[in-house]
Amino acid sequence: MPLTAVVMSLMDVLLRVPAVFLMDLSLSWSSSFSSPVHLLNGSSPSPSFRVADTANVTSILSPTTDEAAEWDVSLTNEVLVRVFGVVLAFFMFVLPTEMLVTVYKWLACVGAILGSYWCNTLFLYQAEGKEAEPKDEPPVDAMIPLGNETVHILLQTLFATVFCMVRNDSSDPSRFAVAFFFVLPSAIGNGDLFLQTSVALWVSIAQISYLGFHVLSHWRTLYAITKSAFLRNRAIVRRHGITSLLETEWVRLSVPRVLRLFWLARFCDHVVIQLNATWRRSSAVQPDGGAPLGLRTAEDLVEVVKMPLVMGCDTIVAVLGLTSVVSSVSHHMGRAVQQFLMIQDDEDKSFGTVSAILFFVLALQTGLTGLEPDKRFVRLYRNFCLLFTAILHFVHNTVSPLLLSLSASRNRSVKHHGRALVVCTFLVVFPCWFLYYLWSTHPISTWLLAVSAFSIEVTVKVIISQLIYALFMIDAYRNVFWEGLDDYVYYVRATGSTIEFLFGIFLFFNGAWILLFESGGTIRACMMGIHAYFNIWAQAKKGWKVFVRRRTAVNKINAFPEATTEQLRRLNDVCAICYQDMATARITRCGHYFHALCLRKWLYVQDRCPMCHKALYEMDDDDEDGRRVDILDDDDRDVAVDDLLELEPHEHRD
């Protein structure tokens, strides 16, 4: 990608980050109002506050009229501020880049006006030898002597220059006259502080009114742009659906990158604050008043990382940002695994997507944003443990098809086989160590049981995959057709599926216990319903269908006579399904010879002879068209076709 395109893409992301900060601030903003409970107690709101802690429950439930009115007004103001901030941030976020640049230009003008007013006020107060209100302002003049007249004029000139440069409109010469008013308050009044501060205030109001007038004078352009965007989006929805519109806007706005950059900036800000606090504490404990030592202990380092992580998921927008970071990390982990295995697939994209969805659902399910800091850190740690076990499952889903393809294709590359087996070994050893660590450092709990179940399950799945891989490798080096292979593979897979099914039932009851006795909620109940349907009911139904299908096929195969050695010698032919020599065979009603295993897999798909397409057994009147009596659905038919395709490697055997 050209450097110019990279820079423009980065600038587009950077310009949208402040809108996310504004939305986060609006959602987390809380006015300093007190509910009737706290008004009567004279205390501030606390998450741990309970009505039962008060001495007079009756007075709390019946606040006075003035107290109730004050609380209602404060609550209304807070809601209005939040709604306005969210709407404003949303519209800023979705603006095209060109319009977003224009908005920032106008905001820069407003910032120059406010900065000028602030500097004028501080200069006038210091010129009179008084302190500006409020008295607890940080000592900015310690770095910049705002009381110095020369410095003041330079600052006002700087604000005026910024205003003129941003308002670079040759058709509007009045901007120079407005810029002159930046230095006006300090030039008039003859030392009258009240008059000068009043002039500074009214000059700032006049300048902002000037900007507002120019914004309103372009209302036709704003209306045309808004109408054009609305018509374009409506056309996309009508032609391609709302999903296409959402995908287009998702890509145009670079939502994951914006959220990721927002969270990293927020995290770095909290890291700097925590480092500053730690630095001050370490400096205060020096007995000789020497230089601060910074991070002196491991506890200090843990605290520097712990608090930013806790504060990095205290709002829903921050959780979305952390989710984007988790998605990016998982995506790169998936790419690293694929590069190690030397495969190219889009599975690494699903790594990030599924991990992000899982982390966000866990955050909502556990109420992460509403917890106290210490509890939030513990819950975040537990969620990451669950997420990591899920990533181990994703890695197994990547390496398992590779193992089967390597064994079935008779690929003798030691590098490919070795790398796949190394990943499998890691997926067996690491969960065992992980379980040992968790059980030795944590007391037994429902969370620990869930993590243990997921870890043991991935270990079992890897062992099952390795056993099937070993069976296929043994078959690849056999010189004769192995008719028992299909049965062995089925038994191994059935064992693994049964163990996974039992773990699914265990996790369901574990979740039910959490729902009933620990932390309930609508989201948790919905997730349990989804788990019960897909991981228990659907899996049980699928396994039963496979069992019935195999049993039916075996019964049909047993109805065909087995060919004798003399018949096979006279035939002197290969199986028409797998093209392999026949040491044993079954004879159909139409007189054709096939391996029993091959014919059984063929019966999974249809009940007609592969050679002459005649019915292989007597059918009912409803099945005269040759279809199977127990018609397969799409999923079962796909499985049956895969079973037939497993016979293809034998076609090229020496």
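As the structure is a prediction and not an experimental result, all values here were calculated from the model.

1. Points about the pattern of salt bridges
1) Next: Within the structure shown, the criterion is met by seven salt bridges.
2) Next: Across the pair D24 and R266 runs a salt bridge whose closest N-O atoms are separated by 3.2 Å. Taken together, the residues span a long stretch of sequence, with D24 in helix α1 (residues 3-28) and R266 in helix α11 (residues 255-284) at a distance of 242 residues. Residue D24 shares its accessibility class with R266, and that shared class is buried.
3) Next: For the salt bridge of E249 with R252, the shortest nitrogen-to-oxygen distance reads 2.6 Å. Of this pair, E249 and R252 both sit in helix α10 (residues 242-253), separated by three residues, roughly a single helical turn.
4) Next: Judged by relative accessible area, E249 falls into the partly exposed class, the value being 22%.
5) Next: Through salt bridges with shared partners, one network takes in D24, R266 and D314.

2. Regarding the environment of I205
1) Next: Along the chain, I205 falls in helix α8 (residues 193-216).
2) Next: The class for I205 is partly exposed, based on a relative accessible area of 35%.
3) Next: Sequence separation between I205 and I113 is 92 residues, and the spatial gap between their C-alpha atoms is 9.0 Å.

3. So, helix α15 (residues 373-408)
1) Next: Taking 1.5 Å per residue as the helical rise, α15 with its 36 residues ought to reach 52 Å, and the 53 Å between its terminal C-alpha atoms agrees with that figure.
2) Next: Backbone geometry just downstream of α15 places R410 in the positive-phi region, at approximately 60 degrees.

4. Overview of the packing of aromatic side chains
1) Next: Counted under the stated rule, the structure contains 17 aromatic pairs.
2) Next: With centroids separated by 4.4 Å and ring planes inclined at 45 degrees, the aromatic side chains of W513 and F517 adopt a geometry described as tilted. Of this pair, W513 and F517 both sit in helix α18 (residues 485-518), four residues apart, which is roughly one turn of the helix.
3) Next: For W513, a relative accessible area of 47% gives the class partly exposed.
4) Next: Taking relative accessible area as the criterion, F517 reaches 56% and is therefore assigned exposed.
5) Next: Among the aromatic residues, ring-to-ring pairing joins F388, F426, F430, W433, F434 and Y437 into one connected group.
6) Next: Across the ring face of F377, the terminal group of K306 is positioned such that the distance to the ring centre comes to 5.2 Å.

Procedures and definitions
Residues numbered from 1 in each chain as written. Predicted model: local features only at pLDDT ≥ 70, side-chain atom pairs only at ≥ 80, totals over all residues. Heavy atoms only, no water. Salt bridge = Lys/Arg side-chain N within 4 Å of Asp/Glu carboxyl O. Helix = DSSP H or I, 4+ residues; strand = E, 2+ residues; numbered from the N terminus. Buried < 20%, exposed > 50% of the residue type's maximum accessible area, 1.4 Å probe, protein only. Expected span 1.5 Å × (residues − 1). Phe/Tyr/Trp six-rings, centres within 6.5 Å; stacked < 30°, edge-to-face > 60°. Lys NZ or Arg CZ within 6 Å of the ring centre and 35° of its normal.

Nothing here speaks to function; it is geometry throughout.
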